[in-house]
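# Analysis of the macromolecular model
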Amino acid sequence: QKMSRAAERLRLLITHLDRPPAAIAGASSGALSSHSTAAPYTFGNNLLTPEQRLFYEENGFLLIKNLVSEEDIDRFRREFERICRQEIKVPGLVVMRDVAIAKSEFVPDQKAVSKLQDFQEDPELFRYCSLPEILKYVECFIGPNIMAMHTMLINKPPDAGKKTSRHPMHQDLHYFPFRPADRIVCAWTAMEKVSRQNGCLVVLPGSHKGTLQEHDYPEWEGGVNKMYHGVRGYDPQHPRVHLEMEKGDTVFFHPLLIHGSGMNQTQGFRKAISCHYASGDCYYIDVKGTTQENIEKEVKEIAARKYAVGDEITLKDTWAVRGRLVQGARISM
Ligand SMILES: CCCCCCCCCC(=O)SCCNC(=O)CCNC(=O)[C@H](O)C(C)(C)COP(=O)(O)OP(=O)(O)OC[C@H]1O[C@@H](n2cnc3c(N)ncnc32)[C@H](O)[C@@H]1OP(=O)(O)O
Ligand SMILES: Nc1ncnc2c1ncn2[C@@H]1O[C@H](COP(=O)(O)OP(=O)(O)OP(=O)(O)O)[C@@H](O)[C@H]1O
Ligand SMILES: O=C(O)CCC(=O)C(=O)O
Ligand SMILES: [Fe+2]
Ligand SMILES: [Mg+2]
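This section reports on the structure supplied with the text. (Residues numbered from 1 in each chain as written. Chains lettered and ligands numbered in written order. Predicted model: local features only at pLDDT ≥ 70, side-chain atom pairs only at ≥ 80, totals over all residues. Heavy atoms only, no water.)

### Digging into the site of ligand 3
Every residue lining ligand 3 is accounted for by Lys115, Met152, Ile154, His167, His170, Asp172, Trp188, Leu201, His259, Ser261 and Arg270. Residue histidine 259 places a side-chain N or O atom 3.0 Å away from an oxygen atom belonging to ligand 3. The contact in question runs from an oxygen atom of ligand 3 to an N or O atom on the side chain of arginine 270, over 2.6 Å. For ligand 3, whose unbound accessible area comes to 290 Å², protein coverage reaches 94%. (Near = heavy atom within 4 Å. Polar contact = N/O pair within 3.5 Å; in protein donor to acceptor, adjacent residues only side chain to side chain. Areas by Shrake-Rupley, 256 points an atom, 1.4 Å probe, with all protein chains shown as cover.)

Shown next, in the form of structure tokens:
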């Protein structure tokens, strides 16, 4: 059987450079034995081809075409519309409007919704996070114990003329007070065709090999959405890849991968659904004294305003209540 060059390279890496992996508290040795220092970002469990595995190792993302069915996506869309029409109320759900719309006169229209966050209490939308076709890939990246930590349905609006529909380049780990980074992965599924025109994801391949960078609001004339921090000193010359996708295509990416999205220059609302997963044996960290202090402050301010809670609520608490086990064991999360 003929192997591609990439596959051959990965095989060599694994057979010759393999050393026992660093221990992760509570992890089953069975799962970790196929996870090596030569291929630190993936588990070999016979789902990913060697080419796919090497691609994720080197680039920090992997696009799987046609993974989620049309039927499921249409159901998510109908549920989203019911939520927008306020036909159902979902505990914990955050409904976000684009800053350009939020700061103008109030429009009581479903079209004002740019993002739903934290839909873990909506059984219909949360089905996305438990889809077997998604979980089998997630397991390749973070192992068999899987927590759904953060859920979003993004309804990127047509740009209102101020470029506020852009999402600045960022690393999702900036928002997460848990580790290790290599046991976290995002699944992001296009709910319709996404293109450069309607603001597809833009990624900096290989940036997952770097460290967590300082994040801040970018200095954008037209304003920036609440909590949309970007990597400080983003270099627009850096080689980037636009991920154009069809309905149902799904990209899995590492939480250190620098990514964002351009403005939506169409009249349609560009829809995607996503979930961030972490291994059940991840652990929480204290972000005091780290670059993540600024986001902790904002999260606490919003929590205090919304739920009238004080400083006794930690960033860790806000995540521990959102997390849901979807496979295996909840060990330390
Ligand atoms: C917890 C961290 C999330 C983890 C993310 C993992 C990686 C993902 C990376 C990201 O997605 S980063 C962005 C994460 N986004 C959020 O967490 C959502 C943040 N947004 C919210 O929580 C709410 O939309 C917000 C509290 C900002 C507003 O909701 P409200 O229901 O309070 O809105 P309301 O209409 O009552 O407006 C209150 C104030 O917020 C302002 N506002 C509303 N939407 C805004 C917006 N989009 N940007 C800026 N300001 C906004 C609004 O103008 C008004 O300002 P004033 O008090 O000055 O009048
Ligand atoms: N100063 C900045 N800080 C962080 N991210 C930025 C900054 N400027 C632009 N970006 C982000 O870079 C990405 C690319 O944006 P840009 O508008 O240049 O291109 P695009 O819309 O993707 O493509 P096109 O070139 O077709 O417009 C987007 O995610 C955008 O939000
Ligand atoms: O524009 C998008 O859909 C991606 C947004 C994103 O990266 C995020 O919310 O973390
Ligand atoms: Fe992101
Ligand atoms: Mg652009």
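Resuming the write-up.
### Thoughts on the coordination of the iron ion (ligand 4)
Looking at the iron ion (ligand 4), one finds its protein donor set to be His170 (NE2), Asp172 (OD) and His259 (NE2), positioned 2.1 to 2.2 Å from the metal centre. Here the donor residues of the iron ion (ligand 4) are spaced in sequence according to H-x1-D-x86-H. With histidine 170 in strand S5 (residues 167–170) and histidine 259 in strand S13 (residues 259–261), the pair connects residues that are 89 residues apart, well separated along the chain. Look at histidine 170 and you get buried, because its relative accessible area is 4%. (Donors = N, O, S within 2.8 Å, 3.2 Å for Na, K, Ca; no water. Helix = DSSP H or I, 4+ residues; strand = E, 2+ residues; numbered from the N terminus. Buried < 20%, exposed > 50% of the residue type's maximum accessible area, 1.4 Å probe, protein only.)

### Focus: the sheet that holds strand S8 (residues 201–203)
Spatially, four strands are ordered S5-S13-S8-S11 in an open sheet, and the strand pairing comes out antiparallel. Pairing within the sheet leaves two strands with one partner each, and these edge strands are S5 and strand S11 (241–243). Between one strand and the next, the sheet's axes are offset by a mean angle of 25°, whatever the strand orientation. Note that S5 and S13 share two bridges and pair antiparallel. Each bridged residue has a counterpart across the sheet, and for histidine 167 the counterpart in S13 is serine 261. (Pairing = 2+ DSSP bridges. Axes fitted to C-alpha atoms, helices over the stretch in contact; angles between N-to-C directions.)

### Some details on the packing of helix H4 (residues 70–84) against helix H6 (residues 123–130)
The N-to-C vectors of H4 and H6 enclose an angle of 145°; their axes lie 9 Å apart at closest approach. Handedness of the H4/H6 crossing: left-handed. Each of Asp72, Arg75, Phe76, Glu79 and Ile83 in H4 lies in contact with H6, whose residues at this interface are Glu124, Leu125, Arg127 and Tyr128. Split by residue class, the contact of H4 with H6 holds four nonpolar, no polar and five charged. (Left-handed = near helix turned anticlockwise from the far one by under 90°. Contact = heavy atoms within 4.5 Å. Nonpolar A, V, L, I, M, F, W, Y, C, P; charged D, E, K, R; others polar.)

### Some points on the site of ligand 2
Taken together, 14 residues lie around ligand 2, and His167, Met169, Arg196, Arg240 and Ser261 are the ones closest in. At 2.7 Å, a side-chain N or O of arginine 196 approaches an oxygen atom of ligand 2. At 2.8 Å from an oxygen atom of ligand 2 is found a main-chain nitrogen or oxygen belonging to serine 261. When atoms are counted within 2 Å of each cavity's grid points, the one that captures over half of ligand 2 is the second largest pocket. At the level of secondary structure, the elements contributing two or more residues to the shell around ligand 2 comprise S5 and S13. The residue makeup of the shell around ligand 2, split by class, is six nonpolar, five polar and three charged. (1 Å grid on protein atoms, 1.4 Å probe; cavity = no way out; pocket = protein on both sides within 12 Å on 5 of 7 lines; lining within 4 Å. Sits in = over half its atoms within 2 Å of the grid points.)

### A look at the side chain of threonine 42
Turning to its location among the elements, threonine 42 is positioned in the loop between helix H2 (29–32) and helix H3 (50–59). For threonine 42, a relative accessible area of 0% corresponds to the buried category. Within the structure, the side chain of threonine 42 is placed 2.7 Å from the side chain of arginine 53, a separation counted as a polar contact. Within the structure, threonine 42 has its side chain in polar contact with the side chain of glutamate 57 (distance 2.6 Å).

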